[in-house]
Amino acid sequence: MDGREPSVSDTHFGNVQDLQPWIVVSDDGPACWRLQDDRIALAMFSSQDKANAYANAAELHDWQALQPEPTDLVRTLMLCVAAAIEIAVLDPDQASARRVFDLPNILRQVRSDLREGKPLTW
């Protein structure tokens, strides 16, 4: 880091309906990002290039950038919430992220949509 505090440029809690995110996975699990208040967030990316750049900058070992299918992404979000990671950020770098997502709210919406017979899509 360059000494600046990481920040989130768009701090509202959004949904991911029009996003098909990429995630970076290493031997340690999915890549995460630390917010200013020390909460840990799942790092998600809008493109493979951004995911690759993040993994290279973080000097991760044995990593790969993946664009999971909706069911696999939901499983990942559920595992994060079970591990007390309740937010995700979009396109983080060492200083900032574009958007914050509230994972429990997203999972509630997914459950509601499935109960209503809506397909699981992103």
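Note that the coordinates shown come from a computational prediction; the quantities given were computed from them, not determined experimentally.

What counts, and where the lines are drawn
- Residues numbered from 1 in each chain as written.
- Predicted model: local features only at pLDDT ≥ 70, side-chain atom pairs only at ≥ 80, totals over all residues.
- Heavy atoms only, no water.
- Helix = DSSP H or I, 4+ residues; strand = E, 2+ residues; numbered from the N terminus.
- Buried < 20%, exposed > 50% of the residue type's maximum accessible area, 1.4 Å probe, protein only.
- Contact = heavy atoms within 4.5 Å.
- Areas by Shrake-Rupley, 256 points an atom, 1.4 Å probe, with all protein chains shown as cover.
- Axes fitted to C-alpha atoms, helices over the stretch in contact; angles between N-to-C directions.
- Parallel < 35°, antiparallel > 145°, perpendicular 65-115°, else oblique.
- Left-handed = near helix turned anticlockwise from the far one by under 90°.
- Phe/Tyr/Trp six-rings, centres within 6.5 Å; stacked < 30°, edge-to-face > 60°.
- Pairing = 2+ DSSP bridges.
- Salt bridge = Lys/Arg side-chain N within 4 Å of Asp/Glu carboxyl O.
- Arc of directions from axis to C-beta.

Caption draft 1: Broad picture of the overall build of the protein. The secondary structure content of the protein amounts to 3 helices and 10 strands. Sequence-ordered secondary structure for the protein, helices as α and strands as β, is β-β-β-β-β-β-α-β-α-β-β-β-α. Buried positions account for 40% of the 122 residues belonging to the protein. Pairs at least 24 apart in sequence give 69% of the contacts found in the protein among residues at least 6 apart. In the form shown here, the protein has an accessible surface area of approximately 7,300 Å², with 46% of it arising from carbon and sulfur atoms.

Caption draft 2: Spotlight on the packing of helix H2 (residues 70-82) against helix H3 (residues 103-115). At their nearest, the axes of H2 and H3 sit 10 Å apart, and the two run at 135 degrees to each other. With respect to H3, the element H2 is oriented oblique. As for how H2 packs across H3, the hand of that crossing is left-handed. Along the contact surface, H2 presents Val74, Leu77, Met78, Cys80 and Val81, while H3 presents Leu103, Pro104, Ile106, Leu107 and Val110.

Caption draft 3: Structural view of the packing of aromatic side chains. One pass over the full model with this rule turns up 1 aromatic pair. Between the aromatic rings of phenylalanine 45 and tyrosine 54, the centroid separation amounts to 5.1 Å while the plane-to-plane angle is 50 degrees, which identifies the pairing as tilted. Among the residues examined, phenylalanine 45 registers a relative accessible area of 0% and is labelled buried.

Caption draft 4: Representation of the pairing of strand E3 (residues 22-26) within the structure. Within E3, 4 of the 5 residues are buried, leaving the element largely enclosed by the surrounding structure. Sheet analysis places E3 next to strand E6 (residues 40-45), joined by 2 bridges and oriented antiparallel. Bridged to isoleucine 23 within E6 is methionine 44. The pairing of E3 with strand E7 (residues 64-66) spans 3 bridges and is classified as antiparallel. Residue pairing for E7: isoleucine 23 is matched across the bridge by leucine 66. With 2 bridges joining them, E3 and strand E4 (residues 29-30) adopt antiparallel strand pairing. Residue pairing across strands places valine 25 opposite proline 30, the latter belonging to E4.

Caption draft 5: Region of the structure containing the pattern of salt bridges. Following the criterion strictly, the structure yields 6 salt bridges and no others. Arginine 75 is the salt-bridge partner of aspartate 72, the closest N and O atoms lying 2.7 Å from each other. Taken together, the residues span about one helical turn, with aspartate 72 and arginine 75 both in helix H2 at a distance of 3 residues. Look at aspartate 72 and you get partly exposed, because its relative accessible area is 36%. Among the salt bridges present, the one from arginine 98 reaches aspartate 91, with a minimum N-O distance of 2.7 Å.

Caption draft 6: Representation of helix H1 (residues 48-57) in the model. Where H1 is concerned, the buried positions are Ala51, Tyr54 and Ala55. Angular distribution of buried residues about the axis of H1 spans 95 degrees; they occupy a single face of the element. Exposed side chains of H1 directed beyond 90 degrees from the buried face belong to Asp49 and Asn56. The elements touched by buried residues of H1 are E3, strand E5 (32-34), E6 and E7. Following H1 by one or two positions, glutamate 59 adopts a phi angle in the positive range, close to 55 degrees.

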